[in-house]
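Each chain is listed here by its residues.
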Amino acid sequence: MPNSNAKFHCNHRGGQEAGRRELVSRSLQSAQHCLEDQDFGTAYAHYLLVLNLAPELKASVKETFQFTLFKWAEELDSLARIQDLFNCYEQALELYPNDEVICNSMGEHLFRMGFRDEAAGYFHKAVKLNPDFADAKENFYRIANWLVERWHFIMLNDTKRNLTYLNAIENAVRSGCKSVLDIGTGTGILSMFAKKAGASSVYACELSKTMYELARDVVAANNMEREIKLLHLKSLDIEIPKHIPERVSLVVTETVDAGLFGEGIVESLIHAWEHLLLQPM
């Protein structure tokens, strides 16, 4: 005798699937009508519903969804509805987390609003997703000129300075300092010196989002991404064991400016001495 319960569940699932397809079809039609009427907000809402109900359609509606998102974002921007704008991009990136076009557009909005570090992060992600994406490359290089001060390049090409740091770090590591924290790592050069000198554990913190991303690229280019733990944090916010497992035996830093104290070196070193550095025996 046929199992009536199984038949009921089968029919129920079939009815649900038919209802889903019908709702998706109607929402797509409504979205298209809204676009024709330039009602981008409602069209965007319809596409969100479609993509959540039918993720298998992501590829086929991608370009139209992007167009709708960008048009709706322009309206929200003009109305100063900034939080709604960011919410839309967050929703879009949940659906298309590896879409370089959406990342680049998000970066452009952030840049216009003055959030340069955050914008740089999105431009950088877009370039990594698609190295041939010309708009993202131009945006990233443009914002890099804002965020990476010119003196970094002079400093990094100062051979005498770099050798002095290298020799000092090598001497410290060889004398027994096997765990190292680099405060304000910048490009990560001092951390790499410490690792090459033989330190067993190397941690590096950097507050600037742009410099943090740059350090990640530099460290990875030198095949040390698994050997140096990079933290997007101010050293004053580092907690043990939350961020690093234990106190370190050596702290290195180059957080000095032309006036010596402008980058808060005194405060950060006092904090490191009290909270992050092993006390002398």
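Keep in mind the model is a prediction, meaning the values are calculated, not measured. (Residues numbered from 1 in each chain as written. Predicted model: local features only at pLDDT ≥ 70, side-chain atom pairs only at ≥ 80, totals over all residues. Heavy atoms only, no water.)

Colleague: I would appreciate a short explanation of the overall build of the chain in the present structure.
Modeller: Regarding its fold elements, the chain presents 12 helices and four strands. Counting the 281 residues in the chain, one finds 41% classified as buried. Across the chain, contacts joining residues at least 24 apart in sequence account for 60% of those joining residues at least 6 apart. For the chain, the accessible area works out to roughly 16200 Å², and carbon and sulfur atoms hold 54% of it. (Helix = DSSP H or I, 4+ residues; strand = E, 2+ residues; numbered from the N terminus. Buried < 20%, exposed > 50% of the residue type's maximum accessible area, 1.4 Å probe, protein only. Contact = heavy atoms within 4.5 Å. Areas by Shrake-Rupley, 256 points an atom, 1.4 Å probe, with all protein chains shown as cover.)

Colleague: Would you take a moment to explain the nonpolar core for this structure?
Modeller: The nonpolar side chains of soluble globular proteins are, as a tendency, buried together. By size, the foremost hydrophobic cluster in this structure holds 36 residues, and its most contacted members are Y44, F65, L69, Y89, Y96 and I102. Elements represented by at least two residues in this core include exactly α1 (4–36), α2 (40–53), α3 (58–78), α4 (82–95), α5 (100–112), α6 (116–129) and α7 (134–147). Take this core: its biggest share by element is seven residues, from α4. Once you skip the residues sitting within four places of it in the chain, Y89 turns out to touch L69, F70, A73, I102, S105, M106 and H109. Grouped together as the second largest cluster of nonpolar side chains are 23 residues, L166, I169, C177 and F193 included. (Core = buried A, V, L, I, M, F, W, Y, C linked by side-chain atoms within 4.5 Å.)

Colleague: I'm lost on the pattern of salt bridges in this one. Help?
Modeller: Oppositely charged side chains may form a pair once their charged atoms are brought near each other. Throughout the structure, instances matching the rule amount to 11 salt bridges. R21 serves as the salt-bridge partner of E17, at 3.3 Å between the closest nitrogen and oxygen. Of this pair, E17 and R21 both sit in helix α1, four residues apart, which is roughly one turn of the helix. Looking at R21, the relative accessible area reads 48%, which means it is partly exposed. In this structure, E56 and R20 form a salt bridge, with 3.2 Å as the shortest nitrogen-oxygen distance. In this pair, E56 sits in the loop between α2 and α3 while R20 sits in helix α1, placing the two residues 36 residues apart along the sequence. (Salt bridge = Lys/Arg side-chain N within 4 Å of Asp/Glu carboxyl O.)

Colleague: Help me understand the packing of α3 against α4 in this model?
Modeller: Describing two packed helices takes the angle between their axes plus the distance from one axis to the other. Relative orientation of the contacting elements α3 and α4 amounts to 170 degrees, with a least axis distance of 9 Å. In terms of their interaxial angle, α3 and α4 are classed as roughly antiparallel. Side by side, α3 and α4 meet where K58, F65, L69, F70, W72, A73, L76 and D77 of the first sit next to I82, D84, L85, C88, Y89, A92 and L95 of the second. Looking at the contact of α3 with α4, its residues break down into 12 nonpolar, no polar and three charged. (Axes fitted to C-alpha atoms, helices over the stretch in contact; angles between N-to-C directions. Parallel < 35°, antiparallel > 145°, perpendicular 65-115°, else oblique. Nonpolar A, V, L, I, M, F, W, Y, C, P; charged D, E, K, R; others polar.)

Colleague: Please clarify how α6 should be interpreted in this entry.
Modeller: Working note: α-helix, 3.6 residues per turn, so residues spaced by three or four point in the same direction. The end-to-end C-alpha separation of α6 is 20 Å, in line with the 20 Å expected for 14 residues at 1.5 Å each. Considered for burial, the residues of α6 that qualify are A119, A120, G121, F123, H124, A126 and V127. (Expected span 1.5 Å × (residues − 1).)

Colleague: Would you take a moment to explain the pairing of strand β3 (residues 228–231) for this structure?
Modeller: The two faces of a sheet get side chains in turn, since along a regular strand they alternate between them. Bridging between strand β2 (residues 201–205) and β3 involves four bridges; their strand directions are parallel. By the bridge assignment, A204 is partnered in β3 with L230. Regarding topology, helix α11 (residues 209–221) serves as the crossover connection from β2 to the parallel β3, and that connection is right-handed. (Pairing = 2+ DSSP bridges. Right-handed = clockwise from strand over helix to strand, strands pointing away.)

Colleague: Is there a simple way to think about the packing of aromatic side chains in this case?
Modeller: One pair of aromatic rings is described through two measures. These are the centre distance and the angle between the planes. Across all of its chains, the model carries four aromatic pairs by this definition. Between Y44 and F65, the aromatic rings sit 5.7 Å apart at their centres with planes inclined by 25 degrees, giving stacked as the arrangement. In this pair, Y44 is assigned in helix α2 and F65 in helix α3, connecting sequence segments 21 residues apart. The exposure class of Y44 is buried, given its relative accessible area of 3%. Between F65 and Y96 the ring centres are 5.6 Å apart and the planes differ by 35 degrees, which places this aromatic pair in the tilted class. Of this pair, F65 sits in helix α3 while Y96 sits in the loop between α4 and α5, and the two are 31 residues apart along the sequence. Cluster of aromatic residues (ring-pair linked, three or more members): Y44, F65 and Y96. (Phe/Tyr/Trp six-rings, centres within 6.5 Å; stacked < 30°, edge-to-face > 60°.)

Worth remembering: the numbers are spatial, not functional.
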